[in-house]
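A look at the structure
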Amino acid sequence: MCVVVFCKNTISIYPVRTICSILWVRRICGRTPPSPPPHRPAFAPLRTDVSAHRHHPPIRAQQQQQQQNPPESAARLPGTQQRDAAVQERLNRRLVCRTGPGPPDLNSSTRRAGMDQAATSSSSSSSSSSPRRYTHEEYKETADWLLAHTEQRPKVAIICGSGLGSLADLLEDKTVFPYKDIPRFPTSTVPGHAGQLVFGKLQGRECVCMQGRFHFYEGYDIQTVTFPVRVFFLLGVETLIVTNAAGGLNDAYNEGDIMLIKDHINLPGFAGQNPLCGQNDERFGVRFPCMSDAYDRELRALARQTAEEQGCGGFLQEGVYCMVAGPSYETIAECRLLRTLGADTVGMSTVPEVLVARHCGLRVLGLSLITNMTVTDYDSNQKANHEEVLQTTRNRTQDLERFVSNLIAKI
């Protein structure tokens, strides 16, 4: 509803809400709002009939002039200008937070430039944090570099876990390459990982041994962690032996036991951290590789036979390995959960390398050395630590070395 007001030569139409506001101000504040100019109301009226302006050109010209140069008496209600200034200041501060320091009064062109700059920096930061994707040519370049610097053509590759790097000391006619000298190779940052690639012969078989692996918790993306495996495939490797130091979840296990990995649980993979994600390269393997036979049955049977012949059958176990991201050790609730899921041991490596190896068609044998038993009792004072892990590996090193050496002779 509207109210029509006739004032001399002016016809004004006000909404009822505006009239009520004027009356409310008079009653509550005890004073009247500023009086309007002779030919301009304090509150802007709704548009009048266009025909009235057409029949009264002098009035129309006068109103246009007043709109361009409004008199001081046409000020808005008290506090309005302060509120507008406060709103503009907040907008300026918000814009500065988005685009960086700048003058308070930014024109539209400067504001657009700042927003473009913020968008560019955001896209560049996101691209820099995205996972590294290696091409087939990059893998091949690293493999060709190694082939050019050694005469060894290994068929077996061994990845040594924490404290198990002494397996490389068994090799004869060794050629050693520090990781920092190999093109595109990452470097190990964890104690117990020497960080070098060793070529040599073990029981007459040509082998390549990694003294130190790469972990997700070191800050490497999943593609970098598994980079050496595809290089091994291009070197001509056919069998991969992965070893690790793991915590025991199964109450039937003891510290120092060796577990043959028959299956694994890939917890980071549940969150999308799988090295096979992304565009598939058919030169390495199929899009959807099968993992129900990730750990070769014939190699596991051969390992059990070797352990019996060596007298290690008493501490040889077989079970399921679970990978967590680390680097923190598991809580009591997490250990109970993993045991409920069917895991016998838990560690922070191995699974990504196995996934890539099976994608490339390599046969895989996995060995876990139980270096400590996980804590599953809230009343226990036992705490897991890395020194305990290294000490247990030192105590079992000789048995593990003989076991792997005799096993490779039969592969």
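Residues numbered from 1 in each chain as written. Predicted model: local features only at pLDDT ≥ 70, side-chain atom pairs only at ≥ 80, totals over all residues. Heavy atoms only, no water.

Quick notes on the pairing of strand β9 (residues 316–323)
Here is the rule we go by: Only protein chains enter the calculation, and the probe is 1.4 Å; a residue is then buried if its accessible area is under 20% of its type maximum, exposed if over 50%, and partly exposed in between. Each helix is a run of DSSP H or I of at least 4 residues and each strand a run of E of at least 2, with the numbering of both proceeding from the N terminus. One requirement defines pairing of two strands: DSSP has to find at least two bridges between them. By definition, the crossover connecting two strands over a helix is right-handed if that path, from the first strand to the second, turns clockwise as seen with the strands pointing away from the viewer.
Within β9, six of the eight residues are buried, leaving the element largely enclosed by the surrounding structure. Taken together, the eight bridges between strand β8 (residues 258–266) and β9 define a ladder with parallel strand orientation. Note on β9: the bridge partner recorded for Ile-265 is Cys-322. Summarising the sheet, β9 and strand β10 (residues 345–347) pair through three bridges and their orientation is parallel. Its bridge partner being in β10, Tyr-321 is matched across the sheet by Thr-345. Handedness of the β-α-β unit built from β9, helix α11 (residues 332–341) and β10 comes out right-handed.

Section: the state of the cysteines
Spelled out, the test is: By convention in this document, the label disulfide applies to cysteine sulfur atom pairs within 2.5 Å.
Here the structure, examined in full by the defined rule, presents zero disulfides. For the unlinked cysteine Cys-207, the closest cysteine sulfur is that of Cys-209, found at 8.4 Å. In this structure Cys-207 comes out as buried when scored by relative accessible area, which is 0%.

Overview of the pattern of salt bridges
Opposite charge on two side chains permits them to pair, given that their charged atoms come into close proximity. To keep things clear, this is the line we draw: We count a salt bridge whenever a side-chain nitrogen from Lys or Arg sits within 4 Å of a carboxyl oxygen from Asp or Glu.
Applying the stated criterion across every chain, the model contains 15 salt bridges. In this structure, Glu-138 and Arg-184 form a salt bridge, with 3.7 Å as the shortest nitrogen-oxygen distance. Remark: Arg-184 occurs in the loop between β4 (172–178) and β5 (196–202) and Glu-138 occurs in helix α6 (residues 136–149); sequence separation between them is 46 residues. Between Asp-251 and Arg-339 there is a salt bridge whose closest N-O contact spans 3.2 Å. Note that Asp-251 is positioned in the loop between β7 (239–248) and β8 and Arg-339 in helix α11, a separation of 88 residues in sequence. When its relative accessible area of 64% is taken as the criterion, Asp-251 is described as exposed. Residue class for Arg-339 comes out partly exposed when judged on its relative accessible area of 31%. Three or more residues are tied together by salt bridges with common partners; here these are Glu-137, Asp-281 and Arg-283.

Concerning the packing of aromatic side chains
Under the convention used in this document: Here is the rule: rings of Phe, Tyr and Trp (six-membered ring for Trp) pair when centre to centre is within 6.5 Å. Planes less than 30 degrees apart are stacked, more than 60 are edge-to-face, and the remainder are tilted.
What the rule picks out here adds up to twelve aromatic pairs. Judged by centre distance (5.9 Å) and plane angle (80°), the ring pair of Phe-185 and Phe-227 falls under edge-to-face. With Phe-185 in the loop between β4 and β5 and Phe-227 in helix α8 (residues 227–235), this pair connects stretches of sequence that are 42 residues apart. Like Phe-185, the residue Phe-227 is buried in the burial classification. With centroids separated by 6.0 Å and ring planes inclined at 75°, the aromatic side chains of Phe-214 and Tyr-220 adopt a geometry described as edge-to-face. Taken individually, Phe-214 and Tyr-220 each receive the classification buried, so the pair is uniform in this respect. Cluster of aromatic residues (ring-pair linked, three or more members): Tyr-134, Tyr-139, Tyr-179, Phe-185, Phe-214, Tyr-220, Phe-227, Phe-233 and Phe-284.

A look at the side chain of Thr-350
Going by this rule: We call two residues in contact whenever any of their non-hydrogen atoms come within 4.5 Å of each other.
Following the sequence through the fold, Thr-350 ends up in the loop between β10 and α12 (351–359). Thr-350 has contacts with Arg-213, Val-242, Thr-243, Asn-244, Ile-261, Tyr-295 and Tyr-321, leaving out every residue within four places of it along the chain.

Some thoughts on the nonpolar core
Stated precisely, the cut-off is as follows: What we call a nonpolar core is a set of buried Ala, Val, Leu, Ile, Met, Phe, Trp, Tyr and Cys residues that are connected through their side-chain atoms within 4.5 Å.
The biggest cluster of nonpolar side chains holds 45 residues, and the ones touching the most others in it are Leu-146, Leu-197 and Phe-232. Once you skip the residues sitting within four places of it in the chain, Leu-146 turns out to touch Phe-177, Ile-182, Leu-197, Phe-199, Val-231 and Leu-235.

Remarks on the confidence of the model for the chain
Put simply, the test is: Predictor confidence is given residue by residue as pLDDT, running from a minimum of 0 to a maximum of 100.
Per-residue confidence for the chain gives a mean pLDDT of 79; residues scoring 70 or more make up 68%. Confidence drops under pLDDT 50 across residues 48–55; counting only partners more than four residues distant or on other chains, this segment forms four contacts. Predicted confidence for residues 98–129 stays below pLDDT 50, and this span has twelve contacts to residues more than four positions away or in other chains.

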